[in-house]
Amino acid sequence: QVQLVESGGGLVQAGDSLRLSCAASGRAFSNYPMGWFRQAPGKEREFVASINWSGTSTYYSVSVKGRFTISRDNAKNTAYLQMNSLKPEDTAVYYCAVRLSASDGITNLNGYAYWGQGTQLTVSS
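To keep things clear, this report deals only with the structure shown in the data block. Since this is a predicted model, take the numbers as computed values, not measurements. (Residues numbered from 1 in each chain as written. Predicted model: local features only at pLDDT ≥ 70, side-chain atom pairs only at ≥ 80, totals over all residues. Heavy atoms only, no water.)

Thoughts on the sheet that holds strand E8 (residues 78–83)
Inference 1: Taking strand neighbours across the sheet as the criterion, the 4 strands line up as E1-E3-E8-E7 in an open arrangement whose pairing is antiparallel. A strand with exactly one partner marks an edge of an open sheet, and here the two such strands are strand E1 (2–7) and strand E7 (68–73). For this sheet, the mean angle separating the axes of adjacent strands, direction not counted, is 15°.
Inference 2: Across 6 bridges, strand E3 (residues 18–26) lies against E8 in antiparallel orientation. Along E8, the bridge assignment pairs Ser-21 with Tyr-80. (Pairing = 2+ DSSP bridges. Helix = DSSP H or I, 4+ residues; strand = E, 2+ residues; numbered from the N terminus. Axes fitted to C-alpha atoms, helices over the stretch in contact; angles between N-to-C directions.)

Some words on the pattern of salt bridges
Inference 1: Evaluated as defined, the whole model comprises 3 salt bridges.
Inference 2: Residue Arg-38 is joined to Glu-46 by a salt bridge in which the shortest nitrogen-to-oxygen separation is 2.6 Å.
Inference 3: Its relative accessible area of 6% is what places Arg-38 among the buried residues.
Inference 4: Note that Asp-90 is salt-bridged to Arg-38, the shortest N-O span being 2.9 Å. Placement of Asp-90 in the loop between E8 and strand E9 (92–99) and of Arg-38 in strand E4 (residues 34–39) is noted, with a sequence separation of 52 residues between them. (Salt bridge = Lys/Arg side-chain N within 4 Å of Asp/Glu carboxyl O. Buried < 20%, exposed > 50% of the residue type's maximum accessible area, 1.4 Å probe, protein only.)

Notes on the state of the cysteines
A covalent bond bridging the sulfur atoms of two cysteines is what the word disulfide describes.
Inference 1: Tallying each qualifying case throughout the model produces 1 disulfide.
Inference 2: Disulfide pairing places Cys-22 opposite Cys-96 at an S-S distance of 2.0 Å. A torsion of 70° about the S-S bond marks the disulfide between Cys-22 and Cys-96 as right-handed. One end of the pair, Cys-22, is in strand E3; the other, Cys-96, is in strand E9, with 74 residues separating them in the sequence. (Disulfide = S-S within 2.5 Å.)

This is the structure we're talking about:
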């Protein structure tokens, strides 16, 4: 079992930067790839970014590529999402999760588990 707690959300203006954190406890965090997802009001949860267990490989959705950076510090059992050049359309609840299933596509939330409670990001125009 892995417990995940997201933090760092808030209210920012368009163009600002913010860093989200995902603190893990429980089973060996460093064994698992991690992912960030987000869910805007009235929309389905969508993939944002993922990182492999060692932090050497990352993948991003088209909507955030070039603006967001996912990283992890296994010594601190923490994953991060650095978000730059924020836009109002980035407004959502952001969730982190552990990727358990290699058979599901990297962007498929069904391959992820141990979801955190989420952290709200609101970007004003």
